[in-house]
Structure formats: structure tokens, C-alpha cells
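# Secondary and tertiary structure notes
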Amino acid sequence: MAKIIAFANQKGGVGKTTSCVNLCAALHRLGKAVLLVDGDPQGNASSGMGVAKSTRPNTYDLLINDAKAEDCVVHTEYGDVIPTGKELAAASVELIGREQREYTLKNSLKPLFADYDYILIDCPPSLELLTVNALVAANSVLVPMQCEYYALEGIADLLTSIRMCSKRLNRRLEIEGIVLTMYDGRTNLTNQVADELRRHLGSKIYETTIPRSIRLSEAPSHGIPGVEYDKNNKGSRAYMALAEEFLQRNESR
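To keep things clear, this report deals only with the structure shown in the data block. A quick note: this is a predicted structure, and the numbers were derived from the prediction, not measured.

The subject of this paragraph is the side chain of Ser 46. Within the secondary structure, Ser 46 is located in helix H2 (residues 44–48). When near neighbours in sequence (up to four residues on either side) are disregarded, Ser 46 contacts Asp 38, Val 51, Pro 83 and Thr 84.

Moving on to the pairing of strand S7 (residues 174–181). Consecutive side chains of a regular strand alternate in pointing toward one face of the sheet and then the other. Burial of S7 is extensive: seven of the eight residues sit out of reach of the surface. As judged from the seven bridges shared by strand S6 (residues 140–146) and S7, these two strands associate in the parallel manner. Across the sheet, the residue bridging to Met 145 is Leu 180, located in S7.

With that settled, the discussion passes to the packing of helix H8 (residues 149–168) against helix H9 (residues 188–201). Interaxial distance between H8 and H9 falls to 10 Å at its minimum, and their mutual angle equals 20 degrees. Of the possible angle classes, the one that applies to H8 and H9 is roughly parallel. Regarding H8 and H9, the two cross each other, and that crossing is right-handed. Residues Tyr 149, Leu 152, Ile 155 and Leu 159 of H8 form the contact with H9, whose participating residues are Leu 189, Val 193, Glu 196, Leu 197 and Leu 201.

Another aspect to go through is unusual backbone geometry. Note: most peptide bonds trans; most residues except glycine with negative phi. Omega for the bond connecting Arg 56 with Pro 57 falls within 30 degrees of zero, at -5 degrees, which places this linkage in the cis form. Mapping Pro 57 onto the fold places it in the loop between H2 and helix H3 (59–64). A positive phi is found at Gln 100, a non-glycine position, where the angle reads about 55 degrees. The topology assignment puts Gln 100 in the loop between helix H5 (91–95) and helix H6 (104–109). The phi angle at Met 182 is positive, at roughly 50 degrees, despite the residue not being glycine.

Here we come to the pairing of strand S2 (residues 34–38). The buried fraction of S2 amounts to five of the five residues, a majority that puts the element mostly inside the structure. Of the two faces of S2, both are covered, the one formed by Val 34, Leu 36 and Asp 38 as well as the one formed by Leu 35 and Val 37. Sheet topology places S2 next to strand S5 (residues 118–122); five bridges connect them, and they run parallel. Bridge pairing in S5 links Val 37 to Ile 121.

Moving on, we come to empty space enclosed by the protein. Summed over all chains, the structure comprises one cavity of 30 Å³ or more. Taken together, Val 37, Gly 39, Thr 59, Leu 63, Leu 105, Ile 121, Leu 130, Asn 133 and Ala 134 form the lining of the largest cavity. Going through the elements one at a time, H3 and helix H7 (129–137) are the ones with two or more residues in the lining of the largest cavity. The leading source of residues in the lining of the largest cavity is H7, at three residues. Within the lining of the largest cavity, the residues separate by chemical class into six nonpolar, three polar and no charged.

Looking now at the layout of surface pockets. Counted as a void, the largest pocket has a volume near 420 Å³. Lining the largest pocket are 23 residues, and of these Gly 15, Thr 18, Ser 213, Leu 216 and Ser 217 sit closest to its centre. Within the lining of the largest pocket, the residues separate by chemical class into eleven nonpolar, eleven polar and one charged. As a volume, the second largest pocket reaches approximately 170 Å³. Along its surface, the second largest pocket is lined by 13 residues, and Gly 13, Lys 16, Thr 17, Gln 42 and Asn 44 are the ones closest to its centre. If one sorts the elements of the lining of the second largest pocket by residue count, helix H1 (residues 16–29) sits on top with three residues. Class assignment of the residues belonging to the lining of the second largest pocket gives a composition of two nonpolar, eight polar and three charged.

What follows concerns the sheet that holds S5. The strand order across the open sheet built from seven strands is S3-S4-S2-S5-S1-S6-S7, with neighbouring strands paired in mixed fashion. In this open sheet, the two edge strands, each paired with only one partner strand, are strand S3 (74–76) and S7. Each strand of the sheet is rotated relative to its neighbour by a mean of 25 degrees, with strand direction disregarded. Where strand S1 (residues 3–7) meets S5, five bridges bridge the pair, whose relative direction is parallel. Note on S5: the bridge partner recorded for Ala 6 is Ile 121. On the sheet, H1 packs against S1, S2, strand S4 (79–82), S5, S6 and S7 and is oriented at approximately 165 degrees with respect to S5. Helix-sheet contacts for helix H12 (residues 234–251) involve S1, S5 and S7, and the interaxial angle to S7 is about 160 degrees.

Definitions and limits used
Residues numbered from 1 in each chain as written. Predicted model: local features only at pLDDT ≥ 70, side-chain atom pairs only at ≥ 80, totals over all residues. Heavy atoms only, no water. Helix = DSSP H or I, 4+ residues; strand = E, 2+ residues; numbered from the N terminus. Contact = heavy atoms within 4.5 Å. Buried < 20%, exposed > 50% of the residue type's maximum accessible area, 1.4 Å probe, protein only. Pairing = 2+ DSSP bridges. Axes fitted to C-alpha atoms, helices over the stretch in contact; angles between N-to-C directions. Parallel < 35°, antiparallel > 145°, perpendicular 65-115°, else oblique. Left-handed = near helix turned anticlockwise from the far one by under 90°. 1 Å grid on protein atoms, 1.4 Å probe; cavity = no way out; pocket = protein on both sides within 12 Å on 5 of 7 lines; lining within 4 Å. Points joined across faces, edges and corners; volume = space filled by probe spheres on them. Nonpolar A, V, L, I, M, F, W, Y, C, P; charged D, E, K, R; others polar.

Below is the structure:
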């Protein structure tokens, strides 16, 4: 039975999609059966895995057109993907009139639960109905965040939203962990934010940090996850280390 992890942060530009794509590819390289569900209308996770945003059926069809989950899966050499494109932006509005609308994604993905070790959902950078669907479907939430003041300010709001979802819609939902991205240990602000997070959230903060990396930024333009685009780059090595820490945490539970 798959464990489902939502990648969420309402602040954009913190490495959320980059983390989702690279953790998917890293886990696949480590021998795990992984599915990435692109739940962000920008479709960046799809193109980052080498799948065209125009591919149909996709996440929109899964949610709105009752497409079968297995028909939406695209197999790549980096892991499986349910892609999406800009049409997904309309799904939040189209779902509003449905009964049990918050459970649509969970119910649609159920046929795939037995096929994977992990299902990773890339959420939009906002707390809208698409994100709520991901949180209801998920077992846990992984939060990539940049070590800066605004990110620290926003994490409290996100954690409050996760707790509310856990209380009202998905009692099994928990925090998988927080990954510090674009990490530069040479700056005082980075170290201060990291220390503050570890003081308040303790073991929820991953030991592995993700440094800034030009090679990671280049990879999506080639449709290749960073961990495969340049395996020896410091960013790629960091995501492989994150995958190993992720598995260690999960397999020791």
C-alpha cells in the first residue's frame, strides 16, 4: 500500500516542485516504485520529469472527467507521472458544486494505491481546493522552505492549515518533515532561521539540507530531474542524501 506525501508551501519559489521531482527520481533510483501526481496548474513537475504539459488524460481529467487513474499514468525512466497542464486551474471552480469535493483526488487515486511504494503530490503554492484535495488524499505533508524571514513567517500559517485539515477532513494527516532549501550556511540569516525551526520543530526538520545549485535550475529545461542531469553536482548529491534519510525515517517506523 502506497504512502502518499503532499509537497506543500503556500509561498512560491521555495523549491517545492524541484524537491518533489528530485525526490521522486532519487527514490526511483533507489529501487522504489514511485508515482508523481502533478497537482499544480503550472505543470512544472510534469515538464521536470520530461512529460509534456499537453499530455492527456491528466490530473484535470482524473478530477473532472472521471478518467481512470491507470489511463492517466505516464511511465518515464525517472518514475511514473500523472501530468497536468493549465486546464487544471479551472478544476477548483468546477469541483465546488460536487458532493464530497475534498475527497475527489483520494477516491480517484485509490486504484493505484497497491501499485506504488510512494505517491508524491506536487501542490499549488496556495491553500486552495486543489491543495485541500492533496492534503485529504495524503498520509503526510513534506514542506520545502527557504531559510528567510518571510518563509519563517508563513510556516506558522501552513502548519495551522494542516492541523485544521487533520482535525476536520483527514485525521491521519501528519507532518512528514520540513526540508531546508536554497541553503547557504555562510549567512547569519540562514543559520538563525534554521536554528529557530529546529528549536520549535525538532526532529521534523530534515538533517539533509539542499544548497543553491545552478545545475538543479538548468535541469528542468532539458526535461530531466537534477539528480539525473548531473549526478555529481552538490544539489543532486543532496537530494540523493535526502531520499536516503527519507527512507530511513519511514522504514524505521
